[in-house]
Amino acid sequence: MCAAPILHLEPAPALVAGVHDCAWLTPDGELERLSHKEAGRRLSRGAPAYVLHAPATAARIGAKAPSRCYDLLELFAFVAPAQFCVPTPRGLAEALHLPVPGGLEDQAILLPKAAQRLLRHLIATGDRDPAAKRTALAMARGGWIWAPSVLSALGADPEEAGLRAPVSGLDVWKDLPEWQEDAPPPPPGDLAVEPAEARSRLADLLGEGAEARPSQSDYASAVSAIFQPRRDEGAPSIVLAEAGTGVGKTLGYIAPASLWAERNEGPVWLSTYTRNLQHQIDGELNRLFPDPKVKEKRVVVRKGRENYLCLLNLEETARTVAASPGEAVPLGLMARWTAATRDGDMTGGDFPAWLIDLTGGRRLSSLTDRRGECVYTACAHYSRCFIERGVRRSRRADLVVANHALVMVQAARGALDLGGRTTRLVFDEGHHVFDAADSAFSAHLSGQETAELRRWLRGAEGTGRGRARGLKARCEDLLGDETNREHLERVLRAAAGLPGEGWHGRLSDGRPSGPLEAFLAQVRRAVYARSSESDGPFGLEVEVSDPGPEILETALAVRDLFRDMAASAKGLLDGMASRLSDEAEELETAEKTRIEQICRSLQHRVVDYAQAAASMADSLGQATPEQFVEWFDVARADGRDLDVGMRRHWIDPSFPFAETVLINSHGALVTSATLTDGSGDAEADWKSAERRSGTDFLPAPPVRARVPSPFDYPAHTRVFIVTDVNKNDGGQVAAAYRALFRAAGGGGLGLFTAISRLRGVYNRIAEDLEADGIDLLAQHVDALNLPTLIDMFRADPHSCLLGTDAIRDGVDVPGDSLRLIVFDRVPWPRPTILHKARRKHFGGKEYDDALTRLKLKQAFGRLIRRGDDRGIFVLLDSRMPSRLLGAFPEGVAVERIGLKDAVEKTRDFLNAGAENG
C-alpha cells in the first residue's frame, strides 16, 4: 500500500517561551503575547502546539510538560538522525538553512516553517531510506503526533501500522554490519621518533602556507622524548609538558605519536579527562586522515562500556512496546539514531545531547550496559555490538582516543596490555590525572555500591525485569563440575546479605534487613548524630574514629560476609579458569571467550571489591592504614538521602596511578596548559606538578618542558577584583552579575561555588537581561543537560551562562561567545575530611593556595582560545589574596576597583575590541 509522498502539516498554534512572557502564533497567523500562566493553560487545555524542546518550554513557563505537542526536535531527530542542531530557534534555523529569527515573534513564526522544511527533506530522501518508513509506522502505533505528516511524506498508508508486529520497525539492529575476528596483531616495534622527525611530521599536518608557530614545533620536539626506546625495565621515559593556550599541543603530540604508531605498528593511547576534549582530538585527526574510511581503520574513540548503546537492551526494550505503546516514540527516535550512528556512543560524538531530555534520561540509561550484565558471545547481537567492534578496532588502530578513567581502570584490571601492545600513553588535561586516580582507586562500602553488587550477582529478584539476570543465569551452562556449582551457590547466599530493593526506606524507618543494611543503619545514625549540619540540604560526613559498639558489632558481620564471598568467588573463578586449560580441546571458541570474560568480571566486581570491603569493615576500631583516609557519609541532594556508607581513599592517589599505569609503560606524556599553579617559585611549582602526576614514585625524574602561549594576554585581557560588593549579600551579587553581563552585551560565563547562590542570582536577573536581548542560561535551573546548555551558549554570542565552578573545564568556546567570566568568590577547596587529610600531607596552607590558583588559572584559560579573542575576568571577592595572582599570565593588568568602574571598563575594553575587529 504505497502512495505518492505529499506534504501534510496539521494546522496548529506555535509557542516560544521567554523568561517573562511567551509568543503565541495562531493557526491563522496572528501573533499574541501571553503570560506564562496563560501559555500553560492553553497548552494543557487546547490543541497541540508547535514547540521546540517541550520539557524545557514547559519548565520555563512553570507548567507540566504537555502529553501531546509538535516538538520540532522530535521531527529533526527522526529526519536527520545523528546530526547536530543547537536546540534553539536560531540553531534550528541555521541547521535547516532558514533565515535566523530575531525576537520571540519571529521565533514562533519559524517553527511551522521548519516543520515544512524537514518534511520536504523527507519527501526528497525517503526512497533512499527504507528503514524510515518502518520506524515511522512503529511510532504511529505508539500514537506519535508527527506520524500522519511523516507517513504522508514517506508515501505510506497509516493503516499499515496496525498490520505489523509490535517490534517491527524498531529492529534496526538487523541492518547493522557485522565485524569478524582477525588473527592477533604482532607485537609493536620500538623504533625511535627523533625531535627533527616530529617537527617534520607536524609541518606535514599543518600543510603548506600554514602560519609559522615555532612554539608548537618546539613542543612537538620536546614531547618526542617519550617515543625513545626504554632503557631499563620499570623506568619509563616521562615528559611533563606545560603548553600555554594557543600553542596547539594537540597536533603537537599527535605528530610524533602518529609517526611512532605507523613506524612500529602499535597503538598510542591519547587520554583526556573530559568527553569534550576526546571529540576535539577526534576532530583534529581529520587533518591526519582526511579520508573517513582510512580514519575509521586508524583511529578509534574509546570510553567505558556504560557509554554505549547495548543492542540486546534495545531489542528487549523494544519488545515492551506491545504492552506499553507509548514507548514506541522514544524507542523510534533511538532506532533512527542507532541506524545512523558512527560508533553507538551515547555520551558524545554524534548523539544529540538534547535527545536525553526528549526521551528520558532514565529510559536511555537502561539501553546501556551500566550494570555489567553483558553475556558476550551468548548474545545474538555480539557480532554487531558497538562495544566489541570498538575493542577490536583499538587493537589495530594507530591512535586510540580514550579518557583517564578508562585507562586507569583497564590498566588495573590488566585489560590495557600495558607493556605489550600498548607501550606509549599521552595524558592530555594532565592536571586532572590526580582527580581521575582518586576516583579510580578509591573504595566505597555503601548502600548503592553493595545493592548494585547484589543485583549483579542475584539479578532483579521478583521483579521480572527483562535482562536483569543474575550471575547464575549468565554462567550456569559454563560451570562444568559440581564444585563450581557449590562455589556459585555460596556466592549467591552471601549476596543475600547485601542490601535488597527498598533498602533506602528500610534504613530511614529503622527496620534494616541483613548484615549490610544493619551496618548502614548504624552508620547513618552516627552521621546524623555527629554532624553539625544535619538539617541542611547537602551531604554529611564524619570521621570513623571511635565508631561505637553498635557499628563495630555490625562491621564484624559485614567483614565475615565479604570474606566468605571473596573466598567463594575466588574458588569459582579458579575452577572456571582451570577449564580453559583442562578442556582446551573440547571448548568452543565462544565458550572460551565467555569464560574469560566472566573470570575477569568475577575478579574485579566480586573478589577485589569483597576483599577491599572486608578490609574496610575490619579496620574499624583500629588505626586507619596510613596511606588511606576513611570516613562515614550520607550523600544527599535537596535534603533527600541518596546513599550512605563508608569511604576509603588514598591520601595520595598518584601512587597507585604510578604503580599501575606509569611504571608499566615505556613512555608517557602528561601535558596541560595548567600543570603548574604559578606560586612565583618555578622549582616549587614543578615539584608540585611532579607530585600530583605520580612521577615522584618512579626511578628517574621526568623531563620538564614549558612552552609559553603565543597570545598577547596583557593586550587582550583584563582582570578586575571588585572591592565594594558584599559576596554574602545575594542582592548585591545579583546586581553585579546583571551590570557586568549588560556591559558585555552577552558572552558572559558566571561561575559559582554553590548551587543555591547560582539559582538566587538567576531568579533576580534573568527577566531584566531578557529585556535587553540577553538570553540567560543556567545549569541546575533550565530543564536542559549541561552539554546542551554549552552548545546553546556557544552558538549565541548574546547569551550568558551560569554554572558551577566545576564546569570550567567543560566549556571550550572560542570567539566572541565567551568574552567575560565572573566568579562569585575565591574558589577555595571545600573543607572535607578528605581534603583535611591531603592538606596535612601535602603542605598545609600552600596546598590550599596551589589548588585555588589552579582553579583560577583553568577558568581564566577559557577566555582566550584564539589570537584575536578579547576577554575580561572578574572576581566579586574583595578578600582575594595577592599571593593567588600568579594564576594569571605575567603582565596582565589586575585591578582592585569598585563595581561601577569595573562595569565601565568592561564595556569600554570590549567595545574597543569590537571596533578594532
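Above this note sits the structure.
Residues numbered from 1 in each chain as written. Predicted model: local features only at pLDDT ≥ 70, side-chain atom pairs only at ≥ 80, totals over all residues. Heavy atoms only, no water.

Q: Teacher, can you tell me more about the sheet that holds strand S16 (residues 703–707) here?
A: Read across the sheet, seven strands follow the order S8-S9-S7-S10-S15-S6-S16 without closing on themselves; strand pairing throughout is parallel. Bordering the open sheet on either side are strand S8 (299–301) and S16, each of which pairs with just one other strand. For this sheet, the mean angle separating the axes of adjacent strands, direction not counted, is 15°. In this structure, S8 lies alongside strand S9 (residues 399–403), joined through three bridges in parallel fashion. (Pairing = 2+ DSSP bridges. Helix = DSSP H or I, 4+ residues; strand = E, 2+ residues; numbered from the N terminus. Axes fitted to C-alpha atoms, helices over the stretch in contact; angles between N-to-C directions.)

Q: Explain the pattern of salt bridges to me, please; I cannot follow it from the model alone.
A: Side chains that differ in sign of charge can pair as their charged atoms come close. The full count for this structure, using the stated rule, is 67 salt bridges. Glu-94 is the salt-bridge partner of Arg-90, the closest N and O atoms lying 3.5 Å from each other. Remark: Glu-94 and Arg-90 occur in helix H4 (residues 89–95); sequence separation between them is four residues, near one turn of the helix. Across the pair Asp-849 and Arg-883 runs a salt bridge whose closest N-O atoms are separated by 2.6 Å. Taken together, the residues span a long stretch of sequence, with Asp-849 in helix H34 (residues 845–860) and Arg-883 in the loop between strand S22 (871–875) and strand S23 (894–897) at a distance of 34 residues. (Salt bridge = Lys/Arg side-chain N within 4 Å of Asp/Glu carboxyl O.)

Q: Help me understand the sheet that holds strand S19 (residues 775–778), please; the structure alone is not making it clear to me.
A: Within a sheet, adjacent strands bond to each other through the backbone by hydrogen bonds, running parallel or antiparallel. In spatial order, the strands read S19-S20-S18-S21-S22-S17-S23; together these seven strands make up an open sheet with parallel pairing. In this open sheet, the two strands that pair with only one neighbour each are S19 and S23. Strand-to-strand twist of the sheet, defined as the mean angle between neighbouring strand axes without regard to direction, takes the value 20°. Pairing geometry for strand S18 (residues 748–752) and strand S20 (residues 799–804), over five bridges, is parallel. Across the sheet, the residue bridging to Gly-748 is Cys-800, located in S20. Packed on one face of the sheet, helix H32 (residues 786–795) meets S18, S19 and S20 and runs near 150° to S20. (Contact = heavy atoms within 4.5 Å.)

Q: What exactly am I supposed to notice about the pairing of strand S15 (residues 667–672) here?
A: Along a regular strand, successive side chains alternate from one face of the sheet to the other. Along S15, six of the six residues are buried, which leaves the element largely enclosed by surrounding structure. Burial along S15 is two-sided: the face carrying Gly-667, Leu-669 and Thr-671 and the face carrying Ala-668, Val-670 and Ser-672 are both buried. In the sheet, strand S6 (residues 237–243) pairs with S15 via six bridges, with the strands oriented parallel. Residue pairing in the sheet places Ile-238 in a bridge with Ala-668 of S15. Here strand S10 (residues 424–427) runs beside S15; their pairing, made up of four bridges, is parallel. (Buried < 20%, exposed > 50% of the residue type's maximum accessible area, 1.4 Å probe, protein only.)

Q: I keep staring at the pairing of S19 and nothing clicks. Help me out?
A: As judged from the four bridges shared by S19 and S20, these two strands associate in the parallel manner. Opposite Leu-776, over in S20, you have Cys-800 as the bridge partner. Handedness of the crossover is the feature at issue here: the chain leaves S19, passes through H32, returns alongside S20, and the resulting connection is right-handed. (Right-handed = clockwise from strand over helix to strand, strands pointing away.)

Q: What's the story with the packing of helix H25 (residues 549–582) against helix H26 (residues 589–619) in this structure? I'm lost.
A: Helix-helix packing is characterised by the crossing angle of the two axes and by the distance between the axes. Look at H25 against H26: their axes get within 8 Å of each other, and the N-to-C directions meet at 160°. As judged from the angle between their axes, H25 and H26 are roughly antiparallel. Viewed along their axes, H25 and H26 form a crossing whose handedness is left-handed. Across the contact of H25 with H26, the residue classes break down as 22 nonpolar, two polar and seven charged. (Parallel < 35°, antiparallel > 145°, perpendicular 65-115°, else oblique. Left-handed = near helix turned anticlockwise from the far one by under 90°. Nonpolar A, V, L, I, M, F, W, Y, C, P; charged D, E, K, R; others polar.)

Q: Which parts of the structure should I look at to understand unusual backbone geometry?
A: Most peptide bonds adopt trans geometry, and most residues besides glycine take a negative phi value. Backbone geometry places His-97, a non-glycine residue, at a positive phi of 60°. Note that His-97 resides in the loop between H4 and helix H5 (104–125). A relative accessible area of 69% means that His-97 is categorised as exposed. Not every positive phi belongs to a glycine, and Glu-429 is a case in point at roughly 50°. For Glu-429, the position within the fold is in the loop between S10 and helix H19 (433–440).

Q: In this structure, what is going on with the packing of helix H20 (residues 447–458) against H26? I would like to understand it.
A: Interaxial distance between H20 and H26 falls to 12 Å at its minimum, and their mutual angle equals 135°. Between H20 and H26, the interaxial angle falls into the category oblique. For the pair H20 and H26, the crossing hand works out as left-handed. Residues Glu-449, Thr-450, Leu-453, Trp-456 and Leu-457 of H20 form the contact with H26, whose own contacting residues are Ser-601, Leu-602, Arg-605, Val-606 and Tyr-609. Considering only residue class, the contact of H20 with H26 consists of six nonpolar, two polar and two charged.

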